[in-house]
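Residue-level listing of the chains:
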2 protein chains.
Amino acid sequence: MTQKNILFIMLDQLRADALSCYGNTVLGTPNIDRLANRGVKFNRCYVQGTSCGNSRASYYTGRHVRSHGATWNGWPNRLDELTLADHLAACDMSTYLMGKTHMKPDMAGMNRLGIEPQSELGRFLSNAGFGQGEHDDGLHTVGVAGGYGTGTPAYFEYLRKHGYAAKNPWVTHANAMQDEDGILRNGMFLKYGHLPARVDKVHSETAYTTDRAIEMIQHMGPQNWCLHVSYIKPHWPLAAPAPYHQMYRGMDLPQASKCASQKTNAHPIYQAFMDLPQSQTYAQDDYRNHALPTYYGLIKEIDDNLGRLFESLEQQGQSQHTMIVLTSDHGDFFGDHWLAEKDLFHDAVTRVPLLIMDPSPTADVSRGITCDDLVCAIDLVPTFVEWAGGEPQWHWLEGQSLLPILHQTAIINRACVVSECDYGVMNFAQDLGRSMHNARMTMLYDGRYKYVHCLGFKPMLFNLQEDPQEFSDLGRDTGYSAIRGQLSEQMLDWSAGLKNRVTVSQETFGKQLNKAEQVGILIGYWHQDDVPQAEQLEPEVPPN
Amino acid sequence: MTQKNILFIMLDQLRADALSCYGNTVLGTPNIDRLANRGVKFNRCYVQGTSCGNSRASYYTGRHVRSHGATWNGWPNRLDELTLADHLAACDMSTYLMGKTHMKPDMAGMNRLGIEPQSELGRFLSNAGFGQGEHDDGLHTVGVAGGYGTGTPAYFEYLRKHGYAAKNPWVTHANAMQDEDGILRNGMFLKYGHLPARVDKVHSETAYTTDRAIEMIQHMGPQNWCLHVSYIKPHWPLAAPAPYHQMYRGMDLPQASKCASQKTNAHPIYQAFMDLPQSQTYAQDDYRNHALPTYYGLIKEIDDNLGRLFESLEQQGQSQHTMIVLTSDHGDFFGDHWLAEKDLFHDAVTRVPLLIMDPSPTADVSRGITCDDLVCAIDLVPTFVEWAGGEPQWHWLEGQSLLPILHQTAIINRACVVSECDYGVMNFAQDLGRSMHNARMTMLYDGRYKYVHCLGFKPMLFNLQEDPQEFSDLGRDTGYSAIRGQLSEQMLDWSAGLKNRVTVSQETFGKQLNKAEQVGILIGYWHQDDVPQAEQLEPEVPPN
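Quick notes on the rules
Residues numbered from 1 in each chain as written. Chains lettered and ligands numbered in written order. Predicted model: local features only at pLDDT ≥ 70, side-chain atom pairs only at ≥ 80, totals over all residues. Heavy atoms only, no water. Pairing = 2+ DSSP bridges. Helix = DSSP H or I, 4+ residues; strand = E, 2+ residues; numbered from the N terminus. Axes fitted to C-alpha atoms, helices over the stretch in contact; angles between N-to-C directions. Contact = heavy atoms within 4.5 Å. Least-squares fit on C-alpha atoms with pLDDT ≥ 70 in both. Disulfide = S-S within 2.5 Å. Buried < 20%, exposed > 50% of the residue type's maximum accessible area, 1.4 Å probe, protein only.

A.B. asks: Residue-level account of the sheet that holds strand S14 (residues 440–445) of chain B, with values.
C.D. replies: Residue and element names in this part refer to chain B. The strand order S13-S14-S15-S16 describes an open sheet built from 4 strands, whose pairing is antiparallel. The two strands at the open ends of the sheet, each matched to only one other strand, are strand S13 (417–422) and strand S16 (460–463). Each strand axis lies, on average, 15° off the axis of its neighbour in the sheet, ignoring direction. Pairing analysis gives 6 bridges linking S13 to S14, with the strands arranged antiparallel. Of the residues in S14, the one forming a bridge with Cys421 is Met441. Where helix H17 (residues 481–496) meets the sheet, its contacts fall on S13, S14, strand S15 (449–454) and S16, and the angle it forms with S15 comes to roughly 70°.

So, in structure tokens, the structure goes:
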């Protein structure tokens, strides 16, 4: 049997429209575009969570945020959630990681079940199944109360070995700049985005991640593998090494997509997001336009590195049996809608690029096509499992396999996609009268309407057919009450159809059907003659 | 500190209206009534699941069926679900079992996590935390394809020791009758309910359960305990030992609550339930009225045995510090609405008796009162935890503590109760076009309207204020569309507020608040001067 591999590439906080294959005219991403030409470009792929942790948990479990429960960054997956690694192991494929997952261990859960966090199982469970490879979530910031990251990444030692001496070379070099006065500057501040990061481009996080991924591929054996190459960039800090820091400076950048009317009578939650300091910064075009070239530079840097990665795969003779997938965990408002960052459900955040290149001849029919079907992050696990030759475990998985699109055997007739946001940790949640338990929003998009259920508040509603820029919130427009009622019903149906009975496989379920009478459970029969088949057993005559 | 104990008594398939303290005029249950007089009688307690397994999983986890996922009989709890035993262990109370739980082990999950099913942890997880005591689910039936139960209960050996020789004395003696011709009859058939079970009343399942519970209490140490005494009766087989088999025969029994109009234009799911063989049997008054006295006899037998249990508790000097709780996992249609058994959401099934006697002086204010607040099964875990002096783990628990009612410090201002039914294993599910994943109904009752969301079908609706007998389904009545819309919205809110983020305690959550900037996560600031407090750290100057 031919080896089958999956190269599952994720960029962090990448907007779809930042890629030239998705229409960007400033920034050219030829290597990513080439992947699009060799595979299928999905034009309407939506993530299930609006920030890193919850979105990734959905990518890795193939389940909605409502189901896996890791609703925000740093909230651990449940220990018994199956992840990509479990699903692929069941079809003889080993899963490896290079880079970010944003997953955290459930220490209380492991303690209860007597699982040692440092054991092989403990490491597997601590990182959502990515127990093999190298885990580096980036973001090794330091503040007055200590550091954000956990552990010391191998990248620290790598940098020191290459002459970047420092206690924390991620802060001091890879994500710092030296200003015109020779003063070191923190790459977290947008002001310094026009200066090069204090790291050579061959030693940047992106280059390091790529180098390590190439090494891993070189050392893979004949076993089928799935390698998750998960770049921390273009996520902030917006610090790009030369020449990427200035490559797009002074160019004719796309303007922020925003409208003054959005500030009038805004939904309370939307207003709270607009009021955030980061939104206030990005709402200022000067600041935003100073930051965007750095963001583009970081993407260009990744595209260049992906060229190396793809070339290495080719040289290793792996291209012909490796599916390549490229996507993002969510986008970035970057000033659109007077907002920064993520959360909320506008296309700038929830619509992500998704490219899938299936090398098999059956996929030749779809090379270079653009697919406008509604698809989503949770579709990847079943797609991978089917491609690896396995049977998706549908008692867990809530997405759909995309193979029918890749092989052009069917369209994905999905009625809607759903995305969720738990804003409980936002500072404004309490001001809005929300507790840690009920700061929840759920968005349902049916391809025309985007309906956002906001627990404790009126909903939001956007008509993307008439208002593709999502400027006009119809959530309180009396003319749309019938539409809202229908979408609310659809969301209720969605919630009732989620896969909560995860301990029962299809096989187990099937065995239970029509079984009762055969094991003597004869409910409500008047007399033995009433039992349809001879399935009852008379009481045994006792020996005495 | 005074010892604190909880005696948590559950009857199986007990209708509230079968107890004299809930208005039954045929059957006297003086021991249960005395408990009601010493405590609080809850008049509107609803279960969260409509059959044994799912309802009990909600009682034991304090969570809705949607959340714990054990949606039907025999579907295991998730391994990481905390149960009563976990919650009480956290407040220094040990949990014991005598009798039924209907819980099953998640073997696949234990295998994945390397947990040996026969280890102490494995036994704990296999039975929803009831690892101590004696587990006996009853229902040791045998059919052409083998037995229903798992393992050999201690009760078999007990029966044999007392002269009931047989390979399966549960089938041959405790739940069999000898007819007028000397032929042994299977107690599963209603026809033989007028004959005494082939077991002396001192050796019946009910007596045995009581004896063993009394022994357990006698041997409890000074450690706080919660003992779950869980009777298998009055659940079928309707086989009662003398004299209980004939105690209520020929009496003026309450008639089945049903109406010919219910059969006209019935909701497809309701129709399918009416069409079941057991419903057809119970819809015949002769059959139903032959079975009801046996059901009553079994309840009377439990009441008599509870007298012994309470007396023993008194003799052991435990009454003054033991909270006593009595409830049922669900009711029984017993011919009401042309139905048998359970599932669906009429009061006959979802409304259960709940009596709570708190022995502490603070509860003296509530002795003998009837509480009409909407309460539910999932309220018991937080009630027990608070009574044991602990802090309920609200990141798991979805009910409310009832202590404010017991101590008359507040009313439970609950907007609605919710109950669920997964009818996927019913033979008719496929005929209705339902798969194993979407045969779901959810009922919301706000004290006036009972709204039943039926995935794939129109809803059901009952106005209990005008139609307390629930004869008239308004689910397709155009006059009620606004009401249905409101109830649907309320159900959507309920679903969005469920506790899915179970890996994050309140303490962990609190630590995350306002923490980002203190660990150097400075999102979207233009310059260090913009950071409100001096919470940023400049990059360290490297040593070279």
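The discussion continues.
A.B. asks: Tell me about the relation of the copies chain A and chain B, and please be specific about residues and values.
C.D. replies: With an RMSD of 0.0 Å, the operation that places chain A on chain B is a rotation of 180° combined with a shift of 0.0 Å along the axis. Both copies are brought into coincidence by an operation consistent with a two-fold rotation axis. Every residue of chain A has its C-alpha some distance from the rotation axis, and the shortest such distance is that of Leu492 of chain A, at 2.8 Å. Of all interface residues in chain A, 100% are interface residues in chain B too; the two copies therefore contact each other through one and the same surface.

A.B. asks: Could you give an account of the state of the cysteines, naming the residues involved and the relevant values?
C.D. replies: Residues and elements named next belong to chain A. Within this structure, the stated rule accounts for 0 disulfides over all chains. With no disulfide of its own, Cys91 lies closest to Cys226 among cysteine sulfurs, the gap being 10 Å. A relative accessible area of 10% places Cys91 in the buried class. Here Cys376 stays free of any disulfide, with the sulfur of Cys45 as its closest cysteine sulfur at 6.8 Å.

A.B. asks: Explain the environment of Asn111 of chain A to me, using residue names and the numbers behind them.
C.D. replies: Along the polypeptide, Asn111 of chain A turns up in helix H5 (residues 107–112). On the accessibility criterion, Asn111 of chain A (65% relative accessible area) is exposed.

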